[in-house]
Amino acid sequence: MSITHHPQEETLLDYFAGTLDEGRRIVIAAHLEMCDSCRRLIKGLEIAGGDHLDALTPTPLADGALESVLRRLDAADVAEKKGAAGIEHDLPVRVRALEPYELGKWRWIGPGVYWRSVAVPETATSRVFLLRAAPGTKLPDHTHEGTELTLILRGAFLHEGGRFGAGDCDDADETVEHSPVVDEGEECICLVAMEGNIRLRSFIGRLIQPLVRL
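The structure reproduced in this document is the subject of the present report. (Residues numbered from 1 in each chain as written. Predicted model: local features only at pLDDT ≥ 70, side-chain atom pairs only at ≥ 80, totals over all residues. Heavy atoms only, no water.)

### Focus: the sheet that holds strand β6 (residues 156-159)
Turning to step 1, where the next piece is worked out: Spatial strand order, β7-β6-β10: three strands in an open sheet with antiparallel pairing. Either end of the sheet is taken by a strand with one partner, and the two such strands are β7 (162-165) and β10 (181-182).
Turning to step 2, where the next piece is worked out: Sheet topology places β6 next to β7; four bridges connect them, and they run antiparallel. From the neighbouring strand, A156 faces β7, where its bridge partner is G165. (Pairing = 2+ DSSP bridges. Helix = DSSP H or I, 4+ residues; strand = E, 2+ residues; numbered from the N terminus.)

As structure tokens, this is what we get:
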């Protein structure tokens, strides 16, 4: 796997700092599963952060702080196991970042194009979903109202920013306008986290937009 497109540095730093919203965090975590380069970067940041903490003057913990943290960790573990129970992830590659979340059924939204929901909490600021498109499919020309973070799980697409294959991450915002075309050879499956909506430029795009709430 040759990965040439990575998330923006600011996005990776927000992920490392724990300030990234849950939707985009899922996509970045999935990218890290596939990308050795970005995993090494995050590991380096963790080491640097540990060294910085070691150099700080120790501060006494408040009474009950350790017990409080352990309770929160236990609650998170139970929630993750509950979310993953009975969920079948029939994707072409294992995506551990998706395993705690329920996936909806594939829904047809246009010629050769299918959409699938990922059930993140309603409080998340990004909507997360999967897209599947047949080889040669031209997706509608569109711009964004917010961010659109896309990870390619299988296949490839091309647009003005280049060719994006398996493991590549397309980190776009409201300044970007593009017209993705799925590469020939095999279908393309992508994991997407989107803030706000996209604005579809074509007539067909405007017709299908209300169906998928993009």
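From this point, the discussion proceeds with the structure in view.
### Re the packing of aromatic side chains
Turning to step 1, where the next piece is worked out: Inspection of the entire model under this criterion finds two aromatic pairs.
Turning to step 2, where the next piece is worked out: Look at W115 and F129: their rings are 6.3 Å apart centre to centre, the planes differ by 40°, and that puts the pair in the tilted class. Of this pair, W115 sits in strand β2 (residues 113-118) while F129 sits in strand β3 (residues 127-133); the two residues are 14 residues apart in sequence, bridging distant segments of the chain. Per residue, the accessibility class of W115 equals that of F129, and both read buried.
Turning to step 3, where the next piece is worked out: Its end group placed over the ring of W106, R132 keeps NZ or CZ at 4.8 Å from the ring centre.
Turning to step 4, where the next piece is worked out: One residue, R132, lies across the ring of Y114, its end atom 4.6 Å from the ring centre. (Phe/Tyr/Trp six-rings, centres within 6.5 Å; stacked < 30°, edge-to-face > 60°. Buried < 20%, exposed > 50% of the residue type's maximum accessible area, 1.4 Å probe, protein only. Lys NZ or Arg CZ within 6 Å of the ring centre and 35° of its normal.)

### Let's talk about the nonpolar core
Turning to step 1, where the next piece is worked out: The biggest cluster of nonpolar side chains holds 30 residues, and the ones touching the most others in it are I26, V118, L153 and L191.
Turning to step 2, where the next piece is worked out: Of all the elements in the fold, those that place two or more residues in this core are α2 (22-34), α3 (36-55), β3, β5 (148-154) and β11 (188-194).
Turning to step 3, where the next piece is worked out: Ignoring sequence-local partners within four residues, the contact set of L191 consists of I26, V27, A30, L98, V118, V128, F129, L130, L149, T150, L151 and L153.
Turning to step 4, where the next piece is worked out: Residues I109, L131, F164 and M194 belong to the second largest nonpolar core, which totals 15 residues. (Core = buried A, V, L, I, M, F, W, Y, C linked by side-chain atoms within 4.5 Å. Contact = heavy atoms within 4.5 Å.)

### Brief notes about α2
The α-helix advances 3.6 residues per turn, and as a result positions three or four apart in sequence lie on the same side.
Turning to step 1, where the next piece is worked out: Compared with the 18 Å implied by 1.5 Å per residue over 13 residues, the 19 Å span of α2 between its first and last C-alpha is a close match.
Turning to step 2, where the next piece is worked out: Most of α2 is tucked away, with ten of its 13 residues classed as buried.
Turning to step 3, where the next piece is worked out: Of all the positions in α2, only G23, R24, I26, V27, I28, A29, A30, H31, L32 and M34 are classed as buried.
Turning to step 4, where the next piece is worked out: One side-chain oxygen at the N-terminal end of α2 lies 3.2 Å from the backbone nitrogen of G23; it belongs to D21. (Expected span 1.5 Å × (residues − 1). Polar contact = N/O pair within 3.5 Å; in protein donor to acceptor, adjacent residues only side chain to side chain.)

### As for the pairing of β6
Turning to step 1, where the next piece is worked out: Hairpin connection of β6 to β7: two residues between the antiparallel strands.
Turning to step 2, where the next piece is worked out: With two bridges joining them, β6 and β10 adopt antiparallel strand pairing. Bridge pairing in β10 places L158 opposite V181.

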